[in-house]
Amino acid sequence: MADYVIAPPPVAFVPVAGGGRFPVRRIFCVGRNYAEHAREMGSDPDREPPFFFAKPADALLTGGADMPYPPASNSLHHEMELVVALGGGGASIAVAEALGHVWGYAAGLDMTRRDLQNAAKKEGKPWDMGKGFDHSAPIGDLIPAARWPDPTHGLIELKVNGAVRQTSDLSKLIWSVAETISFLSGLVRLAPGDLIFTGTPEGVAAVQRGDLLEGMVAGVGTVRTRIV
Ligand code: MN
């Protein structure tokens with residue numbers, strides 16, 4: 001619009017496999033959604049309600065681009081995750097209706113400045129600077145939900161420099177994709193363009209400059225970035 005007083009920011013997007021761009025509105029992330037990861041982080045996993053944090057949409061890193069090692073941290077961790085992209089939305093979505101709001105899926109990485117996150121946890125402060133920093137959300141191309149209609153099971157894996165670091169199955173999600181959408185929609189009104197990072201399995205660890213991260217979700221696709 002002509003009356004913006006500065007140039008409006010570009011619309012963040014995720015490339016779609018086969019062509020096109022999915023415009024991104026917001027990025028929500030689920031914490032501790034696999035029992036073994038909750039244990040490795042020192043928590044007792046149970047079916048307490050899921051909790052959420054967010055990243056800015058412009059934290060996305062697409063097309064296999066390199067990820068600059070972030071400032072203010074000496075402990076950059078990988079978290080391999082299934083990402084859900086919403087083409088619909090609303091408030092108080094029923095579990096049975098939830099998957100009908102999904103446009104597609106991608107493989108993604110919730111990169112984390114673990115030292116800043118741990119310090120924030122200890123002091124009861126927000127996680128934003130541990131989680132929502134620049135380039136903290138590498139993501140692969142999206143596939144339409146029609147090509148992968150059942151997100152309740154499937155191998156999820158991350159290799160670092162060719163060695164498997166994280167491996168699990170989506171059937172081990174504490175809160176399923178449908179349950180996660182339903183719960184989140186009880187907290188905020190979801191909208192087309194929202195992404196949800198659904199949580200990481202066990203095996204999170206630090207990476208260094210030069211490391212090559214290659215993740216995959218079977219049936220969905222891959223995510224790839226090199227830390228530079
Ligand atoms: Mn995560």
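Residues numbered from 1 in each chain as written. Predicted model: local features only at pLDDT ≥ 70, side-chain atom pairs only at ≥ 80, totals over all residues. Heavy atoms only, no water.

(A) Spatial organisation of the pairing of strand 3 (residues 27-30). With burial as the criterion, each face of strand 3 is covered, one bearing Ile 27 and Cys 29 and the other bearing Phe 28 and Val 30. Pairing analysis gives four bridges linking strand 3 to strand 4 (residues 52-55), with the strands arranged antiparallel. Across the sheet, residue Phe 28 finds its bridge partner in strand 4, namely Ala 54. (Buried < 20%, exposed > 50% of the residue type's maximum accessible area, 1.4 Å probe, protein only. Helix = DSSP H or I, 4+ residues; strand = E, 2+ residues; numbered from the N terminus. Pairing = 2+ DSSP bridges.)

(B) Spotlight on the sheet that holds strand 13 (residues 163-169). Pairing is antiparallel across the open sheet formed by four strands, whose spatial order is 13-12-15-16. Two strands close off the open sheet at either side, each with one partner strand: strand 13 and strand 16 (221-226). Strand-to-strand twist in this sheet, taken as the mean axis angle between neighbours without regard to direction, amounts to 10 degrees. For strand 12 (residues 155-160) and strand 13, the ladder comprises six bridges, and the chain directions are antiparallel. When the sheet's bridge partners are listed, Glu 157 is paired in strand 13 with Thr 167. (Axes fitted to C-alpha atoms, helices over the stretch in contact; angles between N-to-C directions.)

(C) Here's a closer look at the environment of Pro 49. With respect to the element layout, Pro 49 can be found in the loop between helix 1 (35-40) and strand 4. Since its relative accessible area comes to 49%, Pro 49 is described here as partly exposed. Between the alpha carbons of Pro 49 and Gln 208 there is a distance of 34 Å; along the sequence they are 159 residues apart. Apart from the residues lying within four places of it in its own chain, the contact partners of Pro 49 are Trp 175 and Phe 183. (Contact = heavy atoms within 4.5 Å.)

(D) Summary view of the coordination of the manganese ion. Looking at the metal site, the manganese ion is ligated by Glu 79 (OE), Glu 81 (OE) and Asp 110 (OD), spaced 2.0 to 2.1 Å from it. All donor residues of the manganese ion come from one chain, and their arrangement in sequence is E-x1-E-x28-D. One end of the pair, Glu 81, is in strand 7 (residues 80-86); the other, Asp 110, is in the loop between strand 8 (102-109) and strand 9 (112-113), with 29 residues separating them in the sequence. Asp 110 shares its class with Glu 81; the two are buried. (Donors = N, O, S within 2.8 Å, 3.2 Å for Na, K, Ca; no water.)

(E) Focus on the packing of aromatic side chains. All told, the structure shown has six aromatic pairs when counted by the stated rule. Ring centres 5.8 Å apart and planes at 45 degrees place the aromatic pair Phe 22 and Trp 103 in the tilted group. Of this pair, Phe 22 sits in strand 2 (residues 21-23) while Trp 103 sits in strand 8, and the two are 81 residues apart along the sequence. Look at Trp 103 and you get partly exposed, because its relative accessible area is 34%. Centre to centre, the rings of Trp 175 and Phe 183 are 6.4 Å apart; their planes meet at 45 degrees, and the pair counts as tilted. By way of ring pairs, the aromatic residues Phe 51, Phe 53 and Trp 127 are connected into one cluster. Positioned above the aromatic ring of Phe 13 is the side chain of Arg 21, whose terminal nitrogen or guanidinium carbon lies 4.7 Å from the ring centre. Stacked on the ring of Phe 133, the Lys or Arg Lys 55 has its end atom at 5.9 Å from the ring centre. (Phe/Tyr/Trp six-rings, centres within 6.5 Å; stacked < 30°, edge-to-face > 60°. Lys NZ or Arg CZ within 6 Å of the ring centre and 35° of its normal.)

(F) Main features of helix 5 (residues 177-184). In terms of burial, helix 5 is a largely internal element, six of the eight residues being buried. Listing the buried residues of helix 5 in full gives Val 177, Ala 178, Thr 180, Ile 181, Ser 182 and Leu 184. Buried positions along helix 5 lie against strand 3, strand 4, strand 7, helix 2 (95-98), strand 8 and strand 14 (195-197).

(G) Seen up close, unusual backbone geometry. A positive phi angle, near 70 degrees, is found at Ala 72, a position not held by glycine. Counting through the fold element by element, Ala 72 comes out in the loop between strand 5 (60-61) and strand 6 (76-77). Not every positive phi belongs to a glycine, and Ser 92 is a case in point at roughly 50 degrees. When you line up the elements, Ser 92 lands in the loop between strand 7 and helix 2. The class of Ser 92 is exposed, set by a relative accessible area of 61%.

As far as function goes, none of this settles anything; it's purely spatial.
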